[in-house]
Structure formats: C-alpha cells, structure tokens
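# Commentary on secondary and tertiary structure
In case you want the letters, here they are:
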Amino acid sequence: MTQAQALDILKTGANVFLTGEPGAGKTHTINEYVKYLREHQIEPAITASTGIAATHIHGQTIHSWSGIGVRRHLSSYDIDAIASTEYLAKRIAKTKVLIIDEISMIDGQTLSMVEAVCRAIKQREEPFGGMQVVLVGDFFQLPPVNKGGGETLFASQSPVWQSMRMVVCYLTEQHRQSDEQFLSILS
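All of these numbers come straight from a predicted model, not from anything done at the bench.

### Description of the overall build of the protein chain
A count of helical and extended segments in the protein chain gives nine helices and six strands. In terms of C-alpha radius of gyration, the protein chain reaches 16 Å, essentially the compact-globule figure of 16 Å for 187 residues. For the protein chain, restricting intrachain contacts to residue pairs at least 6 apart in sequence, the fraction spanning at least 24 positions comes to 72%. When the accessible surface of the protein chain is summed, it comes to about 10,000 Å², and 52% of that surface belongs to carbon and sulfur atoms.

What follows is the structure in structure tokens.
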C-alpha cells in the first residue's frame, strides 16, 4: 500500500494499524495525517511507548497521557482516581484521535489499561470510548518492554486489539533506502 492510500484510509476515521518495514514512511504518513487533522481543527493526542520515541514525534508517552503511569494493573479505584483528575479527564474527554507510535513496545496489558481509562472518562462502551485510534509500528523491530518478568503479551494479542476492528495499512514502498541488496537484508 502507498502512503497516499493509507492517508485516505486514515481520513475515513477508521481505527488503523499503520505498519511496514523501516523506511516505508510510517512517520511521514502520520505527520501528513496530523497536518490534515490540524487543518480541520482537530488536535490529535500524539503518544509513543517510550520517552525517546515520544520526543521524536513531539508527543508524550502513552503512560503519561492516559494517567496510568508505571502501573501494571488498574483497579476500579485506580480508574476512578484517574477519571477524577481534572486535567486528565479534560484531555481524554476532548480527544477525538489517539496516535500511539512504537506500538510493538507496548504490551497487551498496558494497551488494555489505556483503553479502560479512555472508556471510563468518555463514558462510552465503544473501544477507547469511541475515539479513532491509530497504532503505528513494526512488530518485527522491537518487542514489548517487560518490567515484571513472566509472559508478556504483544499489544496485538490483547482483547482490546480485536475489539477495535482495525484496518491494517501495510506500507510497501521504500523511501529511505535505494540500495537493493541492503533492502533485501533489512527485509
């Protein structure tokens, strides 16, 4: 799929998993989508799995944005506490589009916690409270961060992933590299 095709799908408001090999243009496509949203007076929440990744996209970590912090589990009390934190409630309530970069580094439990917070604050039963969710990354590059030991589920193994009914946009054109032999090795 080309970047233009993926951008057209993003503009429909569908939940999207944007993926492809390194250099396929995932970041460029997201930047174009953010530009489009801002031209239409929609300010997306731009997040990433780690602080370094968030810095690269001029966003913040998904942990900070959602208020889950370093928690590994959320009780109903935790969700109520996050939902009653005024700045978090306002931020999430007004969000129409949530972008999460480097999704491969987020485990299934973390994705589920973020989704539960969004649904609670928006008071809607649809996944993520009905906001458009754009997940960006490549599961062949970096695995989820595992801080507690034990088995770690990829975000794509989370029940939340299945419930979002995402459109997979696999970018196939190479924009960063023209050396065919090097591209073959990367692939």
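After that view, the rundown keeps rolling.
### Points about unusual backbone geometry
Look at Glu102: it is not a glycine, yet its phi comes out positive at around 55 degrees. On the secondary structure map, Glu102 appears in the loop between strand 4 (97–101) and helix 7 (108–122). One non-glycine residue with positive phi stands out, namely Arg165, at about 50 degrees. Judged by relative accessible area, which is 74%, Arg165 ranks as exposed.

### Points about the sheet that holds strand 5 (residues 132–136)
Spatial ordering of the open sheet is given by 3-2-4-5-1-6, a layout of six strands whose pairing is parallel. Looking along the sheet, the strands with just one partner apiece sit at the ends: strand 3 (60–61) and strand 6 (167–171). Direction of pairing for strand 1 (residues 16–20) relative to strand 5: parallel, over a ladder of three bridges. The residue bridging Leu18 from the neighbouring strand is Val136, located in strand 5. Against the sheet, helix 1 (residues 3–10) touches strand 1, strand 5 and strand 6, its axis set at about 160 degrees to strand 6.

### Side note on the pairing of strand 1
Within strand 1, five of the five residues are buried, which leaves it mostly tucked inside the rest of the structure. Of the two faces of strand 1, the one carrying Val16, Leu18 and Gly20 and the one carrying Phe17 and Thr19 are both buried. Direction of pairing for strand 1 relative to strand 6: parallel, over a ladder of five bridges. Counted as the bridge partner of Val16 is Val167 from strand 6.

Scoring rules and cut-offs
Within each chain, residues carry numbers counting from 1 in the order of the written sequence. Reporting of local features is limited, given that this is a predicted model, to residues whose pLDDT is at least 70; pairs of side-chain atoms are given and counted only at 80 or more, and all residues count toward the totals for whole chains, interfaces and linings. Values shown for side chains rest on all heavy atoms present in the structure; no hydrogens or waters enter the calculation. Numbering goes from the N terminus for both helices and strands, where a helix is a DSSP run of H or I of at least four residues and a strand is a run of E of at least two. Each radius of gyration reported is based on C-alpha atoms, and the globular scaling rule is 2.2 Å times the count of residues to the power 0.38. Every residue pair with non-hydrogen atoms within 4.5 Å of one another is taken to be in contact. All accessible areas in this document rest on Shrake-Rupley with a 1.4 Å probe, and a residue is counted as covered only by the protein chains that are shown. Between buried and exposed lies partly exposed: a residue is buried under 20% and exposed over 50% of the maximum accessible area for its type, with that area taken using a 1.4 Å probe on protein chains only. Two strands form a pair only when DSSP identifies at least two bridges running between them. Helix axes use the C-alpha atoms of the stretch in contact, all axes being lines fitted to C-alpha atoms, and the angles between their N-to-C directions lie in the range 0 to 180 degrees.

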